[in-house]
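An overview of the molecular structure
Chain residues, written in single-letter form:
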Amino acid sequence: MAYPLLDLRRLNIGVRELVTRIEQTIVATLAHYGIESAAKPDAPGVYVNGDKIASLGLRVRRGCSFHGLALNVDMDLSPFGRINPCGYQGLAMAQIRELIPNPPRLTQVQDQLVTEFARKLGYETCTIRAT
C-alpha cells in the first residue's frame, strides 16, 4: 500500500490527472519487471489480462490527496474470492508473485514504485523513506 500525501494545487494538477499518474506509475513499475498491464477508463486501477493487480482509493480535501493505492505483490488473495472486489462480480485479482518466475521482494517493488511516481510528478531524483 502507498499513501501519497500531495498538495495538488502546488503540483498544478487535478484529481483525474492524479489518478492517471498513479495508474501510469503502477503500469511502469510492472513493466520494469516484464509484466504487461493497463488501466481501464471505466474502472480505476490497473489490470493484467483482465485481472486486477492494483486498486486506487483516493480522497481529496482542500486540494490535498489522502489514501492511495494497493499493489498486490505477494499476499493471500483468497479473501477476494468471498467478495465482489471493487463492486465487480467475478473480478479476479492478480499479484506479481504469480506472474513472473523470480518475483522481486516487496522492498524492491516499493523502491521502484516510489521512483516511478517521482518521475510521473516531474522530479528527477527522490529520497526513499519507508516506514
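The preceding data block contains the structure.
Residues numbered from 1 in each chain as written. Predicted model: local features only at pLDDT ≥ 70, side-chain atom pairs only at ≥ 80, totals over all residues. Heavy atoms only, no water.

**Here's the deal with the nonpolar core**
Applied cut-off: By nonpolar core we mean a set of buried residues, namely Ala, Val, Leu, Ile, Met, Phe, Trp, Tyr and Cys, connected to one another through side-chain atoms within 4.5 Å. Buried residues are those whose accessible area, probed at 1.4 Å on protein chains only, stays under 20% of the maximum for their type, while exposed residues exceed 50% and partly exposed ones sit between those limits. Numbered from the N terminus, helices here are DSSP runs of H or I no shorter than four residues, and strands are runs of E no shorter than two.
Leu-18, Ile-26, Leu-30, Ile-35, Ile-53, Leu-71 and Ile-96 are the most contacted members of the largest nonpolar core, which has 23 residues in total. Of all elements in the fold, only helix 2 (15-32), strand 2 (43-48), strand 3 (51-61), strand 4 (64-71) and helix 3 (106-120) reach the threshold of two or more residues within this core. Looking at which element gives the most residues to this core, the answer is helix 2, with 4 residues.

**Digging into the sheet that holds strand 2**
So the rule is basically this: Two strands pair if DSSP finds at least two bridges between them. The convention used is that axes are lines fitted to C-alpha atoms, helices contributing only their stretch in contact, and that angles between N-to-C directions extend from 0 to 180 degrees. Working rule for contacts: check all heavy atoms of both residues, and any pair within 4.5 Å makes them a contact.
The sheet built from 4 strands is open, its strands ordered 1-2-3-4 with antiparallel pairing. Strands at the two margins of the open sheet, each flanked by one partner only, are strand 1 (38-40) and strand 4. Going across the sheet, the axis of each strand differs from the next one's by a mean of 25°, ignoring polarity. Packed on one face of the sheet, helix 2 meets strand 1, strand 2, strand 3 and strand 4 and runs near 150° to strand 3.

**Topic: the pairing of strand 2**
Across the 6 residues that make up strand 2, a large majority, 5, are buried. The sheet contact formed by strand 1 and strand 2 spans 3 bridges and is antiparallel. Bridge pairing in strand 2 places Ala-38 opposite Tyr-47. Hairpin connection, strand 1 to strand 2: the antiparallel pair is bridged by 2 residues.

**What about a nonpolar patch on the surface?**
What counts here: Nonpolar side chains (Val, Leu, Ile, Met, Phe, Trp, Tyr) within 5 Å and like charges within 9 Å form the patches, drawn only from residues with over 30% relative accessible area and no salt bridge. A 1.4 Å probe and the Shrake-Rupley method give the accessible areas. Residues count as covered only by the protein chains that appear here. Think of a salt bridge as a Lys or Arg side-chain nitrogen and an Asp or Glu carboxyl oxygen that are within 4 Å of each other.
Residues Met-1, Tyr-3, Leu-5 and Phe-66 make up a contiguous nonpolar surface patch of roughly 510 Å² in combined accessible area. By the element assignment, Met-1 lies in the segment before helix 1 (8-11). With relative accessibility at 75%, the residue Met-1 sits in the exposed group.

**Topic: helix 2**
Note the threshold: What a helix is expected to span follows from its residue count: subtract one and scale by 1.5 Å.
Helix length check: helix 2 (18 residues) gives 26 Å between terminal C-alpha atoms against 26 Å at 1.5 Å per residue, within 8%. The inward-facing, buried residues of helix 2 abut helix 1, strand 1, strand 2, strand 3, strand 4 and helix 3. Note on helix 2: the residue one or two positions beyond its end, Gly-34, has a positive phi of about 80°.

**Side note on the pairing of strand 4**
In the sheet, strand 3 pairs with strand 4 via 8 bridges, with the strands oriented antiparallel. Counted as the bridge partner of Leu-56 is Leu-69 from strand 4. Taking the residues that link successive antiparallel strands as the turn, the strand 3-strand 4 hairpin has 2 residues, and the phi of Arg-62 there is positive, at about 50°.

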